[in-house]
Amino acid sequence: MARKKIALIGAGNIGGTLAHLAAQKALGDIVLFDVVDGVPQGKALDLAQCGPVEGFDVNLKGSNDYADIAGADVIIVTAGVARKPGMSRDDLLGINLKVMKAVGEGIKTQAPGAFVICITNPLDAMVWALREFSGLPHHMVCGMAGVLDSARFRHFLADEFKVSVKDVNAFVLGGHGDTMVPVIEYSTVAGIPVPDLIKMGWSTQERIDAIVQRTRSGGGEIVALLKTGSAYYAPATSAIEMAEAYLYDQKRLLPCAVNLTGQYGVSDLYVGVPVILGAGGVERVVEIELSPSAKANFQVSVDAVKELLAACKGIDPSLA
Ligand code: APR
């Protein structure tokens, strides 16, 4: 059986890390695409030279030509500009919208059967625009944000409770940004919900509130430290988890930005909710019961995404 083909659009920090992870896990042959000449080729060659040491046999190719992504099974999009200190994700809107147009058209012509995961920010607007420009079915296009946001939440909770990250499950809903909604009722240590852990004296409401706030601004904290770019290790590993769910038909229940068609009272909008990811792409949206406060926060998030979409339509009338 021929190997699967993984196309990575954008060969920057996240793109390079994705290529390394995908190669180590032998997910398939890898094409790194970028508009900058030399960078995808150089990274592909460098990574291919890890093969003899790490023992992977996949082919890696760098390219500036969309023809090279033809027939890709999975496409992960990080093309665009990353956030600089002081820049909000929304400032990126105008620049990255143009990039999504070029990428969407490339995917439409070369790989219309692919499962597409978008990472480019502002995520909820960019994944929607990418779907519009590519014309792919909605269930084959999703955005990576919730897996990363919940990984950040899980890391902070494990640290707070002094337990293994393996035993911490966390749930984060809504848009990727300051309006994301960490749901503590559905966040557990080996099945014990966080509110119960507070009652058991493992932490306090104040400390959990501070962790929730830190999770919401988790991306910004890293931007402020790095000064020249944004996070890339955890975003890359989160997207790879989603790609594996699709490639291996794992039926994972993961929080992803997907198109809603009435679930949670929302239609025609990409926003982060729990879904089942498997060989059929986004196979099912899981509607969980939200507390009144989580519901109100989710609505704030939805409204923020709606504003971004309106701004996109203002910038590019073909989206209206
Ligand atoms: N087509 C393909 N690649 C492009 C295009 C385009 N039209 N425009 C820019 N790129 C490439 C850049 O040349 C660069 O190599 O996208 C890459 C982006 O890489 P980085 O600047 O290193 O950004 P990265 O940290 O990888 O983040 C990418 O993901 O998390 C989001 O906010 C982040 O939107 C940003 C994206």
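None of the values given here were measured: they were computed from a predicted structure. (Residues numbered from 1 in each chain as written. Predicted model: local features only at pLDDT ≥ 70, side-chain atom pairs only at ≥ 80, totals over all residues. Heavy atoms only, no water.)

## Some thoughts on the pairing of strand E5 (residues 115-118)
Then, number 1: Neither face of E5 is exposed, since Phe115 and Ile117 on one face and Val116 and Cys118 on the opposite face are all buried.
Then, number 2: Here four bridges tie strand E4 (residues 74-77) to E5, and the two strands are oriented parallel to one another. Bridging from a neighbouring strand, Ile76 pairs with Ile117 of E5.
Then, number 3: In the sheet, E5 pairs with strand E6 (residues 141-143) via three bridges, with the strands oriented parallel. Bridging across to E6, Cys118 finds its partner in Gly143. (Buried < 20%, exposed > 50% of the residue type's maximum accessible area, 1.4 Å probe, protein only. Helix = DSSP H or I, 4+ residues; strand = E, 2+ residues; numbered from the N terminus. Pairing = 2+ DSSP bridges.)

## Structural notes on the site of the ligand
Then, number 1: Among the 19 residues in the neighbourhood of the ligand, the closest are listed as Asn13, Ile14, Asp34, Thr78 and Asn121.
Then, number 2: The contact in question runs from an oxygen atom of the ligand to an N or O atom on the backbone of Ile14, over 2.8 Å.
Then, number 3: Within the backbone of Val81, an N or O atom sits 3.3 Å from an oxygen atom of the ligand.
Then, number 4: With respect to the pocket detection grid, the ligand is positioned in the largest pocket.
Then, number 5: Of all the elements in the fold, those that place two or more residues in the shell around the ligand are helix H1 (13-24) and helix H4 (93-110). (Near = heavy atom within 4 Å. Polar contact = N/O pair within 3.5 Å; in protein donor to acceptor, adjacent residues only side chain to side chain. 1 Å grid on protein atoms, 1.4 Å probe; cavity = no way out; pocket = protein on both sides within 12 Å on 5 of 7 lines; lining within 4 Å. Sits in = over half its atoms within 2 Å of the grid points.)

## Observations regarding the state of the cysteines
Then, number 1: Counted under the stated rule, the structure contains zero disulfides.
Then, number 2: The closest cysteine sulfur to the non-disulfide-bonded Cys142 is located on Cys256, 5.1 Å from its own sulfur.
Then, number 3: On the basis of relative accessibility, which here comes to 0%, the residue Cys256 falls in the buried class. (Disulfide = S-S within 2.5 Å.)

## Observations regarding the pattern of salt bridges
Then, number 1: Taken as a whole, this structure holds eleven salt bridges when the rule is applied.
Then, number 2: The salt bridge partner of Asp68 is Lys61, with a shortest N-O separation of 3.2 Å.
Then, number 3: Residue Asp68 is classed as partly exposed on the basis of its relative accessible area, which comes to 22%.
Then, number 4: Across the salt bridge formed by Arg131 and Glu132, the nearest N and O atoms sit 3.3 Å from each other.
Then, number 5: Glu132 sits in the partly exposed class, given a relative accessible area of 31%. (Salt bridge = Lys/Arg side-chain N within 4 Å of Asp/Glu carboxyl O.)

## Section: the UniProt feature "binding site: NAD(+)" (unreviewed entry) in the protein chain
Then, number 1: Per the UniProt annotation, the sites labelled "binding site: NAD(+)" (unreviewed entry) are Gly10, Ala11, Gly12, Asn13, Ile14, Gly15, Asp34, Asn96, Ile119, Thr120 and Asn121. Taking the annotated residues in turn, Gly10, Ala11, Gly12, Asn13, Ile14, Gly15, Asp34, Ile119, Thr120 and Asn121 line the largest pocket.
Then, number 2: Structurally, the position occupied by Gly10 is in the loop between strand E1 (5-9) and H1.
Then, number 3: Setting aside chain neighbours within four positions, we find Gly10 in contact with Gly15, Leu32, Phe33, Asp34, Thr78 and Ala79.
Then, number 4: Tracing the backbone shows Thr120 in the loop between E5 and helix H5 (123-134). (UniProt positions renumbered as here; feature names shortened; annotations may be inferred. Contact = heavy atoms within 4.5 Å.)

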